[in-house]
Amino acid sequence: MITKLNQLSNVPAREAIIQLSVEAPALPLLSWLAAQQQFPKIYWHGRDRDEDVAAIGACKSFFFEDQVDDNELAKIYQQQRNKTSQQDIRYYGGLAFDRTVECWPEFGRAHFVLPRIELRRHGNKLRILVNLNFEDTDPQQEIQAALRAIAQVQKPKPLSPPHKMTLMGRSDLPHYERWEELVNQVTQEKFNQTTPKVVLSRHTQIDVSDDIDPWTVLACWQGRNPNSFQFGFQFSPERAFISCSPERLYLRRQQELFTEALAGTTVRGLNPEEDTLLAQALLDDIKNSHENQLVRKHIVDVLTPLSQYLGADEQPKIFKLNHIQHLHRSIRAQLQPGVSDFELLRALHPTPAVGGLPREAALNFIRQREGYARGWYAGACGYFNRNESEFSVAIRSALIEPRRINLFAGAGIVAGSDPLAEWQELENKLATVLAILIDF
Ligand SMILES: C=C(O[C@@H]1C=C(C(=O)O)C=C[C@H]1O)C(=O)O
Ligand SMILES: [Mg+2]
């Protein structure tokens, strides 16, 4: 790698962005990432994939702290896409749930990074990639910056399960009484006729006695829900956002698109027989079927004008996680030529699985009444690339700060939702991560 970099100094760069790559034996990427001291730190593991990625540093970033215009994003994306003929360059990052309101520091409303160093593991093979950006910087300086980043790489340190934290305090926003009021407002007949679904959510702040390493928590969480997306973004030592989300926003391979309706929830049974009974009850339940059906219909409606072909499951299937199970319908499409990732993000995000229906009315309700800013919770996180892009919906997520863990959970409120049952659904969605962090 160092030789390749030094060779680069002798030839004038023909490309704006150059990616160097070497192969190495696989190593545990979260252990590697936990040991690094360069920021940002990024981890990504797509659902059902034998590939994961750890990345550090940045040679180019797009950061929108304030109002972000989708047309502007689309333009930057298109320009960037045209800049390089290399196929494998990936921009990792995310969009906030609501791009019209203030968001967390460093994360902003949209933040994407072309990492300086990227480790991609596939099976037992590892590819180490180094990205150089010759467009905005002096070539010699850029090469020196890359060499410095390589010199600062640390050896992986083995992760052990996190010690259970001592709980110093917990606060829920909204608290239960407010939640009850909000659920009753949404299920009120007059409101519900025009706004059939609003996904209400809660911010649970947990204060603990010690600092907690986000990558250790993610490694543990990943072990309990292996069929989920697992990812994390840390732009500074102060805060990290991690998620173990079952939900795909979309996967695009060329013009082929895979998305889904994931909504409707119950718990897992204590034994296989009970588990099957609960799954059947979920499939038969009118309220839960309605939650899922609204998502399916909306996705089909927004994708139809962008697609040459579109197919969506008629019947839901069961998607099982560690503590809960969901209703799931797959949706596939062949996109019209030229449909870009930003058009897809704009069309799909936020889906009624995390926002509601109609989108604007539901988002207004959330903005005005939920009482906290969601930030990247329920946002869209992933990567885009010329050939392939994948985004997950950042639910089942946590923002980790010094001695504080911020957890988020939401539930789709539709006609027939009961405040207490929906509150319990929030608890069930937090059960896996809470069990890792504290004794409860
Ligand atoms: C909003 C969340 O989850 C969403 C809501 C669901 C529901 O209400 O049944 C199920 C899956 C997700 O679509 C969350 O986990 O925070
Ligand atoms: Mg639900």
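Each chain has its residues counted from 1, following the order in which its sequence is written. Labels are handed out in written order, letters beginning with A for the chains and numbers beginning with 1 for the ligands. Only residues with pLDDT of at least 70 are given local features in this predicted model, and only at 80 or more are side-chain atom pairs given and counted; all residues enter the totals for whole chains, interfaces and linings.

The chain carries the name Isochorismate synthase MenF in an unreviewed UniProt entry, which gives Shewanella algicola as its organism. According to the UniProt record, the Catalytic activity (unreviewed entry) comment for the chain is "chorismate = isochorismate". Regarding the chain, the relevant UniProt record gives this comment under Function (unreviewed entry): "Catalyzes the conversion of chorismate to isochorismate." UniProt positions are given in the numbering used here, feature names are shortened, and annotations may be inferred rather than shown by experiment.

### Structural notes on the UniProt feature "binding site: Mg(2+)" (unreviewed entry) in the chain
Taken from the UniProt record, the annotation "binding site: Mg(2+)" (unreviewed entry) applies to Glu291 and Glu425. Over a stretch of 135 residues, the named residues converge on one spot in the fold, their C-alpha atoms separated by at most 13.6 Å. Under the DSSP-based scheme used, a helix requires at least four consecutive residues in state H or I and a strand at least two consecutive residues in state E, with every element numbered from the N terminus. Looking at the secondary structure, you find glutamate 291 in helix H9 (residues 286-303). Exposed residues have 12 or fewer other C-beta atoms within 10 Å of their own C-beta, buried residues have 20 or more, and residues in between are partly exposed; the C-beta atoms are placed from the backbone. The class for glutamate 291 is buried, based on 27 C-beta atoms found within 10 Å. Leaving out residues up to four positions away in the same chain, glutamate 291 has contacts with Lys197, Ala263, Gly264, Gly412 and Val414. Secondary-structure assignment places glutamate 425 in helix H12 (residues 419-437). We classify glutamate 425 as partly exposed; it has 19 C-beta atoms within 10 Å. This entry defines residue contacts through backbone-placed C-beta atoms, with two residues in contact when those atoms are within 7 Å. Excluding its chain neighbours within four sequence positions, the residues that come into contact with glutamate 425 are Thr265 and Ala411.

### Examining helix H4 (residues 139-151)
In this model H4 runs 18 Å from its N-terminal to its C-terminal C-alpha over 13 residues, within 8% of the 18 Å that 1.5 Å per residue would give. Residues of H4 that are buried: Glu142, Ile143 and Ala146. Looking straight down H4, one finds that the buried residues subtend no more than 100° of arc, so they occupy a single side. Across from the buried face of H4, at angles greater than 90 degrees, the exposed residues are Gln140, Gln141, Arg148 and Ala151. Packing partners of the buried residues in H4 comprise helix H1 (2-8) and strand E8 (125-133). Expected helix span is computed as 1.5 Å times (number of residues minus one). The arc in question is the one traced by the directions running from the helix axis out to the C-beta atoms.

### Remarks on the pairing of strand E13 (residues 248-253)
Across the six residues that make up E13, a large majority, five, are buried. When E13 meets strand E20 (residues 388-393), the two strands line up antiparallel, connected through five bridges. Looking at the pairing, leucine 251 lines up with glutamate 390 of E20. Two strands qualify as a pair provided that DSSP identifies no fewer than 2 bridges between them. Of the pairings in the sheet, the one linking E13 to strand E14 (residues 256-267) comprises three bridges and is antiparallel in character. In the strand pairing of E14, arginine 253 is matched with glutamate 256. Where E13 hands over to E14, the hairpin turn is made up of two residues, of which glutamine 254 adopts a positive phi near 50°.

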